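Architecture at a glance
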Amino acid sequence: MDKNFQDEFTQVIKFQPPLYKQRHQFVKDLVEKYKPKKVADLGCADCSLLWMLKFCSCIEVLAGLDICANVMKEKMHTLSPLPVDYLQPSERSLTVTLHHGSVAHKDPCMLGFDLVTCIELIEHLEESELKKFPEVVFGFMAPSIVVISTPNSEFNPLLPGMMLYRHPDHKFEWSQAQFQSWALETARCYNYSVEFTGVGHPPTGMEKVGFCTQIGVFVRKYPRTGESVQSEKPTEAVYKTVFKAVYPSLKDEKYLQNAVISEVIFTAQIIKHRLMSKRKEHGDDPERKSKFQPSMDCFSDYLGKLVVEKNMEPFVTGNEVYIPLATIFSFPKVNRLCGTFEKLCKLIAGKVTLSSDGSAVMFNIEHENEEN
């Protein structure tokens, strides 16, 4: 639904936050509660809900569907990865796809979703589309959870300037009883339970009017078998994909390797800096093997414990500094990225200068000594 158009009607009541934001927050709260991995937004329009959901860490697949391709294309750039996403890839994978098509048609690309949202959608459907809608969403797609929101017509008299419907494209607007009757029958036919709620509270003393936006949350009662889904698959796709973005992820070996190499070099450089600073402070002979002496900051306190407890001390020999890989692997971020010491060795092989036995990162400090 057009947010600006709706604001013309709700400005006197002044919903805070605005009604569309309350609807989006309702979906976000539901996502945080149930942790779905795959979410589809039917009637995604300007993609604003999808944009909000892409920041939910549990979601790995986001899909949007709308009958108007132009509206999606205007805002779909907001769903593209940013430069920071490549500089700091997430630990989860995320794919976002937008499709052009009707909710009255079945397409296999919409199978396998955990949560399907239909926010201010059904009131835009023609009667023939509305009849097909339950079979497509609840019968064919059959997600674990479906959220449907729609205007509550009983609230309309409270909205200034109201004519027939809240938006010129609405084909109908239901009362609470009408929506609940349709929702309960739909839930019964497709083995779902449904709970009713909403957003946009009525003024004090007019609670019987109900929420400005009424919401039904449908939860599938029984798991759906793969065989039943397969038997209903259409033979060909009917939607047109207009946008797809695959976010950089540490689950991708390429991005993981880059992240590990950067973190290994960063950690080794800091250890080397601490080691060289201590040698300078104590006037150590640069030709003598110099053990690490921990300073009092948090980083070196942690490293000092490793040296004492595990005998994994960095050292200098001549113009070369050696930082044991075992020491670097013990740092939390490196450990979390790699998981195993063997994985660390594999990811940095040939990418980082190591000692002859491959047990330590090696730096040549000849130029540093000349500068000093």
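What you see is a predicted model, and the numbers here were worked out from it, not measured in a lab.

1. Comments concerning the pairing of strand β7 (residues 213–220)
By the criterion of burial, β7 is predominantly enclosed, with seven of the eight residues buried. Pairing of strand β5 (residues 145–151) with β7 involves seven bridges; the strand directions are antiparallel. Across the sheet, the residue bridging to Val147 is Val217, located in β7. Two elements, strand β6 (residues 192–199) and β7, share eight bridges in a ladder whose sense is antiparallel. Directly across from Val194, in β7, lies its bridge partner Phe218.

2. Considerations on the environment of Trp174
In this fold, Trp174 is placed in the loop between β5 and α7 (176–189). Considering only alpha carbons, one finds Trp174 and Thr150, 24 residues apart in sequence, at a separation of 7.8 Å. If we skip the residues at most four places from it in the chain, Trp174 touches Ile122, Leu130, Pro151, Asn152, Ser153, Phe179, Trp182 and Gln214.

3. A look at the confidence of the model for the protein
Looking at the protein as a whole, the pLDDT averages 87, with 83% of positions reaching at least 70. Here residues 5–11 is modelled with pLDDT under 50, and outside its nearest four sequence neighbours on either side it reaches 14 contacts, counting other chains as well. Counted against residues more than four places away or in other chains, residues 286–296, with its pLDDT under 50, gives 35 contacts.

4. Overview of α7
With 14 residues, α7 should reach 20 Å at 1.5 Å per residue; the first-to-last C-alpha distance of 20 Å fits that figure. Restricting attention to buried positions, one finds in α7 the residues Phe179, Trp182, Ala183, Thr186 and Ala187. Buried residues of α7, viewed axially, fall in a sector of 130°; they line one side. α7 presents Ala177 and Arg188 as exposed residues on the side facing more than 90 degrees away from its buried surface. Each element contacted by the buried residues of α7 is listed here: α6 (127–141), β5, β6 and β7. Asn191 sits one or two positions beyond α7 and adopts a positive phi of about 60°.

Cut-offs and rules
- Residues numbered from 1 in each chain as written.
- Predicted model: local features only at pLDDT ≥ 70, side-chain atom pairs only at ≥ 80, totals over all residues.
- Heavy atoms only, no water.
- Buried < 20%, exposed > 50% of the residue type's maximum accessible area, 1.4 Å probe, protein only.
- Helix = DSSP H or I, 4+ residues; strand = E, 2+ residues; numbered from the N terminus.
- Pairing = 2+ DSSP bridges.
- Contact = heavy atoms within 4.5 Å.
- pLDDT = per-residue confidence, 0-100.
- Expected span 1.5 Å × (residues − 1).
- Arc of directions from axis to C-beta.

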